[in-house]
Each structure stands twice: as structure tokens, then as C-alpha cells.
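# Descriptive structure summary
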Amino acid sequence: MTGRRLDRLSRDVHFISGLMAHKVPFIVAELGMGVDPFMLHIYAALAEKERALISERTKAALKAAKAGGDAARQSETLRGASARHGLDQGGSRSIRSQHAPSHP
């Protein structure tokens, strides 16, 4: 098994340790062929921590977007629905939509 970077192989220390314990041959191009097993554990631990940090940042960003974007998203949805039904800003049908057929 080969990989360019250890974190592309896995971001789980247990998985990497399992490969090593079962003597599964794998090469991480970034680290080279003769890398010390201790260093593999260190890099695996860093990759696992990075995964946790990415998850935390993603969850925080989604929460912030949901909290800050609800009103904007609702008004955008209403504007889109109004346009599809031929309504102007005030909610009444525009003259064009009443008399002329709409073309995509």
C-alpha cells in the first residue's frame, strides 16, 4: 500500500497502528521508506488531531451560517418564489405576466 501523505491514507491513529501491528507493508512517499515507526505514530496522531480540528471548524461555520443566514435565506426563497409566479415586490401580478406568455 502506498500513499503520498499519511493523512491521505488515514487520519486515525488506531488504523495506522493496526497496519503496523499486522505488518501490512505501506509506504508514505512524504516520509520515505525507512521512516521510524515512532515517527509514523507521531504523524498519525497529528493527522487525527487535524481531523478533529477540521470537524470543529466545519460545525462552527455551519452553526454560524444557519444562525445568521436564516432570515436572508427565507427572504431569498420568497423572492425566488415571487419571480416564478410572476409577482412583483408588492405581491401583485405584473402586467407582463398577466398579458404576455412567459418564455424561459
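Since we're looking at a predicted model, the values are computed, not measured. Along each chain, numbering runs from 1 in the same order as the chain's sequence is written. Thresholds applied to this predicted model are a pLDDT of at least 70 for local features of residues and 80 or more for the giving and counting of side-chain atom pairs; totals over whole chains, interfaces and linings are not thresholded and use all residues. To get the side-chain values, all heavy atoms of the structure are used, and hydrogens and water are removed first.

### Overview of the overall build of the chain
Numbering of helices and strands runs from the N terminus, with a helix taken as a DSSP run of H or I at least four residues long and a strand as a DSSP run of E at least two residues long. For the chain, the count of helices and strands is four helices and two strands. Relative accessibility decides the category of a residue: with a 1.4 Å probe and only protein chains considered, values under 20% of the type maximum give buried, values over 50% give exposed, and everything between is partly exposed. When burial is assessed residue by residue, the chain has 14% of its 104 residues classed as buried. Look at the contacts in the chain between residues 6 or more apart in sequence, and 51% of them connect residues 24 or more apart. Entry remark: accessible area of the chain is about 8,200 Å², with carbon and sulfur atoms responsible for 60%. When checking whether two residues touch, look at their non-hydrogen atoms; a contact exists if any pair is within 4.5 Å. Note on areas: these come from Shrake-Rupley sampling with a 1.4 Å probe, and a residue is covered only by the protein chains present in the view.

### Topic: a nonpolar patch on the surface
The patch calculation keeps residues exceeding 30% relative accessible area without a salt bridge and links them within 9 Å when they carry like charges or within 5 Å when they are nonpolar (Val, Leu, Ile, Met, Phe, Trp, Tyr). Each reported salt bridge corresponds to a side-chain nitrogen of Lys or Arg within 4 Å of a carboxyl oxygen of Asp or Glu. Taken together, the side chains of F38, M39, I42, Y43 and L46 define a hydrophobic patch exposed on the protein surface, amounting to about 470 Å² of accessible area. You can see I42 is positioned in helix α3 (residues 37-84). Taking relative accessible area as the criterion, I42 reaches 34% and is therefore assigned partly exposed.

### Looking at the pattern of salt bridges
In total, this model carries one salt bridge according to the counting rule given. Residues E50 and R11 are paired through a salt bridge, measuring 2.8 Å at the closest nitrogen-oxygen approach. Here the residue E50 occupies a position in helix α3, and R11 occupies one in the loop between α1 (6-9) and α2 (13-21), the gap between them amounting to 39 residues. Judged by relative accessible area, E50 falls into the partly exposed class, the value being 34%.

### Topic: α2
Turning to α2, its buried residues are I16, L19 and M20. Projected onto a plane normal to the axis of α2, the buried residues spread over an arc of 100 degrees and lie on a single side. Opposite the buried face of α2, at more than 90 degrees from it, the exposed residues are H14 and A21. The N-terminus of α2 is capped by D12, whose side-chain oxygen sits 3.2 Å from the backbone nitrogen of H14. Taken from the helix axis, the directions to the C-beta atoms give the arc we talk about. In protein, a polar contact requires one atom able to donate a hydrogen and another able to accept it; more generally it is a pair of N or O atoms within 3.5 Å, and residues adjacent in sequence count only if both atoms are side-chain atoms.

### Here we look at the nonpolar core
Only buried Ala, Val, Leu, Ile, Met, Phe, Trp, Tyr and Cys residues count toward a nonpolar core, and they belong to the same one when joined by side-chain atoms within 4.5 Å. Of all hydrophobic cores here, the largest spans eight residues; its members are L6, I16, L19, M20, F26, V28, L40 and A44. Here this core gets three residues from one element, more than from any other, and that element is α2.

### Looking at the side chain of S10
In this fold, S10 is placed in the loop between α1 and α2. Separated by 3.0 Å, the side chain of S10 and the backbone nitrogen of D12 make a polar contact. Those residues in contact with S10 that lie beyond four places of it in its chain are F15, I16 and A47.

### Describing unusual backbone geometry
Positive phi, close to 55 degrees, is recorded for K23, a residue that is not glycine. Relative to the helices and strands, K23 is located in the loop between α2 and β2 (27-28).

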